[in-house]
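# Residue-level structural notes
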Amino acid sequence: MAQMIEFQMNETRCVKINGENEVQLTYQGFYSDDESPVKEALAAVDLVGATMLEKPVVLGYTPVGRVNPYQALLYKEMADVGIAVVPIVKSWNFERLAQIRHKASTFVLHIHWTSFVLNSITSYGEAKEKIVEFKRGIDSVVAKGGKIVWTLHNIIPHNGRFFDLEMEVQRYIAYKATVVHVLSAASLDMMSDYISFDHSKVLYAPHPNYLGTYEDYVTRENARFTLGLSADDRVYVLLGALKAYKGLNKLLEAFEQFCANDSAVPRKLIVGGMPDSDPDVTEFVNNCKMSANVLIEPKKIPANFVQYYMRAADVGLAAYDRMLNSGAILLYQTFDLPVITSNVPAIWENLTRDIAEMAIDNSVGELVAAFQRADRFINSDVRWRVRTHVGRFDASELSLNFGRELRGMLSV
């Protein structure tokens, strides 16, 4: 498969070639340097401010995630409401955003995933020290007039080692935040045992669909030909990073049992995604490679290959052991696929049984039963129902509403 190529945002620079100065195109916004994120913020202010009579809001966001285009979709229409969006590539540089406050009507630090705070730390004591440093940084931003926005994506970071300390980080952000953005109303109820939320701070904006984001021109026949599938195969897809919290081995055991229960029907599970180093994930990958019912590509799947997985499939799989929200479900639905997912209120807030099947307790037996119940989607008109449903989550409309509501809650 082709490899992904990451590009930075446009910038020009002068270089010496054969003793002569020549201007060459380079990029900024993907890789941090000593002047980041101030340099990027000034460029964003210049671009957005050129069409405004007043200073724009400067919103620096971190961590920056580009494998999933969620952030690009969320911020898609921000310029139209006077918000200059700035990627903070090195998350711990977030305090530097205050250096441009004279250029902004207000400046905002928008924190998405909190994983960067304790990332790679294995010592409990060191983790506690890092939290002190983080709190000091947040306090500094607020003291200089900045405002904090937090998007509640997960219960805890996927690779979090210390549950209590991860929750301490999140509680502090929730306390200091002017706005807490949730993708589902039920998210607050699910987190209520761990975090006390001020509901006057809450802004609800659901996950947008990915329509127009991924290439989508291959036919079902072409996709199946490319992946080595037959026309009669019933195909289930699991796409995304391979991590232990997704309950991969139970899912595979259930799928194998499901196939064995009805061996006359040809079924295939196609898996694509980068595995982490967890032993459970390694076991899953090895077992997939040994199964006649599974096709696996244990690598990061290039964006232009996503369509092959989606268009070859009949059903998408997102039945994880631990989940709060799921971009994978919106991705499957963008390609008209019904899904099997877990019994999570925040997920089912925007799902119905005519386009999705629930694994009630994520046990192997219940996963097998969910696979069986999902057979009703095969050779049905479910794709049209999914397409109608997912159209409600238009990225441009959601982004514009998010920007307007955010400005209102920031009082700017």
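Below is a short write-up of the structure. Everything quoted here is computed from the prediction, not taken from an experiment.

## With respect to the packing of aromatic side chains
The way to describe two aromatic rings as a pair is by their centre distance and the angle between their planes. Counted by the stated rule, this structure contains 17 aromatic pairs. Seen in terms of ring centroids, Tyr245 and Tyr320 are 5.9 Å apart; in terms of plane orientation they differ by 80 degrees. Their pairing is edge-to-face. Remark: Tyr320 occurs in the loop between β12 (315-318) and α11 (327-334) and Tyr245 occurs in the loop between β9 (234-239) and α8 (248-261); sequence separation between them is 75 residues. In terms of burial, Tyr245 and Tyr320 fall into one category: buried.

## What to know about the nonpolar core
Generally speaking, a soluble globular protein has its nonpolar side chains buried in company with each other. Val58, Leu238, Phe284, Met310 and Tyr332 are the most contacted members of the largest nonpolar core, which totals 139 residues. Setting aside anything within four residues of it in sequence, one finds Met310 in contact with Val237, Leu239, Leu331, Tyr332, Phe335 and Leu337.

## Remarks on unusual backbone geometry
The bulk of non-glycine residues show a negative phi, and the bulk of peptide bonds are trans. The linkage connecting Ser36 with the following residue, Pro37, adopts the cis geometry, with an omega of -5 degrees. Summarising the element assignment, Pro37 is placed in the loop between β2 (20-28) and α1 (38-49). Going from Thr62 to Pro63, the amide bond is cis rather than trans, its omega being -15 degrees. Non-glycine residue Ser120 carries a positive phi angle of around 70 degrees. Of note, the phi angle at Asp336 is positive, near 70 degrees, even though the residue is not glycine.

## Points about the sheet that holds strand β3 (residues 57-62)
The pairing of strands in a sheet comes from backbone hydrogen bonds and takes either a parallel or an antiparallel form. A sheet is described by the order of its strands in space; here six strands give the open sequence β4-β3-β5-β6-β7-β8, paired in parallel fashion. With partners counted over all chains shown, the strands left at the sheet margins are β4 (83-87) and β8 (202-204), one partner each. Taking the axes of each pair of neighbouring strands and ignoring which way they run, one obtains an average angle of 25 degrees across the sheet. Two strands pair when backbone bridges link them, and strand β7 (residues 179-182) and β8 are joined in this way by three bridges, in the parallel orientation. Paired with Val182 across the strands is Tyr204, a residue of β8. Against the sheet, α1 makes contact with β3 and β4, and its axis sits at roughly 155 degrees relative to β4, the strand it touches most. Along the sheet, helix α4 (residues 124-143) contacts β5 (106-111) and β6 (147-152); its crossing angle with β5, the most-contacted strand, is approximately 155 degrees.

## Here's the deal with the environment of Arg385
With respect to the secondary-structure elements, Arg385 resides in helix α14 (residues 382-390). For the pair Arg385 and Pro338, spaced 47 residues apart in the sequence, the C-alpha separation amounts to 9.0 Å. With sequence-adjacent residues up to four places away left out, Arg385 is seen in contact with Asp354, Ile355, Phe377 and Ser380. Here Asp381 takes part through its side chain, which lies 2.3 Å from a polar atom of the side chain of Arg385.

## Thoughts on α1
Between its terminal C-alpha atoms α1 stretches 16 Å, which fits the 16 Å expected from 12 residues at 1.5 Å a residue. Of the positions making up α1, those classed as buried are Val38, Lys39, Glu40, Ala41, Ala44, Val45 and Val48.

## Comments concerning the packing of α8 against helix α9 (residues 279-290)
At a closest axis distance of 9 Å, the pairing of α8 and α9 adopts a crossing angle of 25 degrees. When the axis of α8 is compared with that of α9, the two are roughly parallel. Handedness of the crossing formed by α8 with α9: left-handed. Two secondary-structure elements touch here, α8 through Leu248, Asn249 and Leu252 and α9 through Asp280, Val281, Glu283, Phe284, Asn287 and Cys288. Considered class by class, the residues forming the contact of α8 with α9 number five nonpolar, two polar and two charged.

## Describing the sheet that holds strand β10 (residues 267-272)
Taken in spatial order, the six strands make up an open sheet running β11-β10-β9-β12-β13-β14, and their pairing is parallel. Two strands in the sheet have a free side with no partner beyond their single neighbour: β11 (294-297) and β14 (356-359). Ignoring which end each strand starts from, the neighbouring axes of this sheet average 20 degrees apart. Where β12 meets strand β13 (residues 339-342), three bridges bridge the pair, whose relative direction is parallel. Directly across from Leu317, in β13, lies its bridge partner Ile340. The strands touched by α9 are β9, β10 and β11; relative to β11, the strand with the most contacts, the crossing angle is about 130 degrees.

## Structural notes on the side chain of His112
Among the secondary structure elements, His112 is positioned in the loop between β5 and α3 (115-118). A relative accessible area of 1% means that His112 is categorised as buried. Leaving out residues up to four positions away in the same chain, His112 has contacts with Tyr61, Thr62, Pro63, Tyr70, Gln71, Leu74, Tyr75, Trp150, Thr151 and His153.

## Some words on helix α13 (residues 364-374)
Helical geometry: 3.6 residues make up each α-helical turn, so side chains three or four residues apart lie on a common side. Judged by how many residues are buried, α13 sits mostly within the fold: eight of 11 residues are covered. Where α13 is concerned, the buried positions are Val364, Glu366, Leu367, Val368, Ala369, Ala370, Phe371 and Ala374. Next to the buried residues of α13 lie β9, α8, β12, β13 and β14.

Calculation rules
Residues numbered from 1 in each chain as written. Predicted model: local features only at pLDDT ≥ 70, side-chain atom pairs only at ≥ 80, totals over all residues. Heavy atoms only, no water. Phe/Tyr/Trp six-rings, centres within 6.5 Å; stacked < 30°, edge-to-face > 60°. Helix = DSSP H or I, 4+ residues; strand = E, 2+ residues; numbered from the N terminus. Buried < 20%, exposed > 50% of the residue type's maximum accessible area, 1.4 Å probe, protein only. Core = buried A, V, L, I, M, F, W, Y, C linked by side-chain atoms within 4.5 Å. Contact = heavy atoms within 4.5 Å. Pairing = 2+ DSSP bridges. Axes fitted to C-alpha atoms, helices over the stretch in contact; angles between N-to-C directions. Polar contact = N/O pair within 3.5 Å; in protein donor to acceptor, adjacent residues only side chain to side chain. Expected span 1.5 Å × (residues − 1). Parallel < 35°, antiparallel > 145°, perpendicular 65-115°, else oblique. Left-handed = near helix turned anticlockwise from the far one by under 90°. Nonpolar A, V, L, I, M, F, W, Y, C, P; charged D, E, K, R; others polar.

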